[in-house]
Amino acid sequence: MQFNIARAAAGAASFAVLASVAGTGAVPAVADETRSNRVLVVLADFEDQHHADAGTDRAGIAQRYFGAEGSLQSYYRAVSRGRLGYVPAVPEQVLGPLTLPWHANCDPRAARQEIERQLPQRGLTKGKDYDSLSIVLPRVPCAWAGPAQVGGPVSWLKAGEGGPTLAAVAHEFGRNLGLPHQLRRVCAGGDLGASGGPAAPAPACRPRSSSTRDGSRRGSTSG
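Residue indices begin from 1 for each chain and proceed along its sequence in written order. Local features in a predicted model are, by the rule used here, given only for residues with pLDDT of at least 70; side-chain atom pairs are given and counted only at 80 or more, and totals for whole chains, interfaces and linings are based on all residues. Hydrogens and water molecules were not included; the side-chain quantities draw on all heavy atoms of the structure.

### Some points on the pattern of salt bridges
Whenever Lys or Arg places a side-chain nitrogen within 4 Å of a carboxyl oxygen from Asp or Glu, that contact is recorded as a salt bridge. With the rule as written, the count across this model stands at 5 salt bridges. The partner of R38 in a salt bridge is D131, with the nearest N and O atoms 2.9 Å apart. Here D131 lies in the loop between α5 (108-118) and β4 (132-137) and R38 lies in strand β1 (residues 35-46), a separation of 93 residues in the sequence. You can call R38 partly exposed: its relative accessible area is 23%. Overlapping salt bridges bring together R112, E116 and K126 as one network. Numbering goes from the N terminus for both helices and strands, where a helix is a DSSP run of H or I of at least four residues and a strand is a run of E of at least two. Remark: exposure states derive from per-residue accessible area (1.4 Å probe, protein chains only) relative to the maximum for the residue type, with buried under 20%, exposed over 50%, and partly exposed in between.

### Describing the packing of aromatic side chains
Any two of the Phe, Tyr and Trp rings considered here, Trp counted by its six-membered ring, make a pair once their centres fall within 6.5 Å; the pair's planes then place it as stacked at under 30 degrees, edge-to-face at over 60, or tilted in between. Under the definition given, this model contains 5 aromatic pairs. Ring centres of Y65 and F66 lie 5.9 Å apart, and the angle between their planes is 45°; this geometry places the pair in the tilted category. Considering the side-chain rings of Y86 and F173, the 5.2 Å spacing of their centres and the 80° angle between planes classify their relative orientation as edge-to-face. Here Y86, found in strand β2 (residues 84-88), pairs with F173, found in helix α6 (residues 166-176); they are 87 residues apart in sequence, far enough to count as distant. The exposure classification of Y86 matches that of F173, with both residues buried. Put simply, the rings of Y65, F66, Y75, Y76, Y86 and F173 touch in pairs and so form one group of aromatic residues. In our convention, an over-ring charge means Lys NZ or Arg CZ found within 6 Å of a ring centre and within 35 degrees of that ring's normal. Across the ring face of W144, the terminal group of K158 is positioned such that the distance to the ring centre comes to 5.8 Å.

What follows is the structure, given as structure tokens:
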């Protein structure tokens, strides 16, 4: 079945206690249709900065997105109780590197536009051949680990050492599903809820969201 982000986002709102369920391993599917998202993962190089070892990066990133354990696929299969799966859009699982014809920078929109310009030259069309696009950049000194379109199909990650972390990949794909950042209270003795209760009286706590951008509009970009 072709993946539909709006329908998946509606289902995602009912995922119960994501972290605790994810830690239980495989869980049986509920009586509902299973939806698969075909993810096109693309390594992107800049003219002056490249993935140090593209072959190693491709293998590690393929594992991070689609591996049997510790991956985007295994995480969302668990937290959705088998209703949502992420599968590679191409046989090689990870495409590239494709070259961005400029020096390294932190402009994710320009990277998306250039990658989307190059993909049809490789016979890949959005919707027909893939549902989501995830662009993995070299280890560039940007303030973000990875922004993503809120309720949209595009995410950007940095390779880092050993590829992007599962936390970063799962977070950005949660943004694609339309899930908000979690509001938390930062207290003098620690975050509220870190150990099951406040570490200081309520007046010593203040609310803080991890969001740094306006991600309220469908398709807007947020970290």
